[in-house]
Amino acid sequence: VEQFTYWQQTLSGYRPEQHASWYDSSHQAAYSELTLDGALTARLIAQANHPYQTEVPELLVSSLCRAMSRLGLGSSHWLLLEGHGREAIAPDLDLTRTVGWFTSSYPVQVGDQPEWGDLICGTKEALRAVPDRGVGFNPLRYHHPQGSSLPLPDVVFNYLGVSHGQSGAWMP
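Note on numbering: residues in each chain are counted from 1, in written sequence order. Local features in this predicted model are restricted to residues of pLDDT 70 or higher, and side-chain atom pairs are both shown and tallied only at a pLDDT of 80 or more, whereas totals for entire chains, interfaces and linings draw on every residue. Hydrogens are left out, water is left out, and the side-chain values use all remaining heavy atoms of the structure.

With that out of the way, let us pick up the sheet that holds strand 3 (residues 155-158). One open sheet holds the three strands; their spatial order is 2-1-3, and the pairing between them is mixed. Of all the strands in the sheet, the pair left with one neighbour each is strand 2 (104-111) and strand 3. When the angles between neighbouring strand axes are averaged without regard to direction, this sheet yields 35 degrees. When DSSP finds at least two bridges between two strands, those strands are taken to pair. Put simply, DSSP H or I for four residues or longer makes a helix, DSSP E for two residues or longer makes a strand, and each gets a number counted from the N terminus. Pairing of strand 1 (residues 76-83) with strand 3 involves four bridges; the strand directions are parallel. What sits directly across from Glu82, in strand 3, is Asn158. Contact definition: two residues touch when any of their heavy atoms are within 4.5 Å. For helices, the fitted axis covers only the stretch in contact; all axes are lines through C-alpha atoms, and the angles between them, taken along N-to-C directions, range from 0 to 180 degrees. Sitting on the sheet, helix 1 (residues 2-10) is in contact with strand 1 and strand 2, with an inclination near 45 degrees to strand 2. The strands touched by helix 4 (residues 116-128) within the sheet are strand 1 and strand 2, with strand 2 carrying the most contacts at an inclination of about 145 degrees.

What follows is the structure in structure tokens.
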């Protein structure tokens, strides 16, 4: 119940109808993908995180927030974050002998700030405030008596982590 209240508060200002213009006449949503080259990616996963002790998704979500603001979509944004669901949310939860991902998705609200440092810190705080890295959102949305009242944001962000080429090594 405590998490349900958190999700209600997170989504309290979200209005799905505000994005109606994003869909064409066949109700297909706009789609955009950005791929970074190797040099920029290396800087993003290494040096870029040091000044604010961030993780890569926090920087990417900050940048997405700024881009949406510059597109004239306001300064407050709700995103649906997707995760692999293998987060360490409890010390006694051992997933080492499991196979596959337990995909989780959850909403987060971020607000643009005039200064990059403030935007990055605000985004970092918003993402780190999510209880249990969001794994409880969908069970509540689909099984709580009032779960259907929780909307899903139109913008989806999925960061898969770092893959180290052919070696098969992957890091969240």
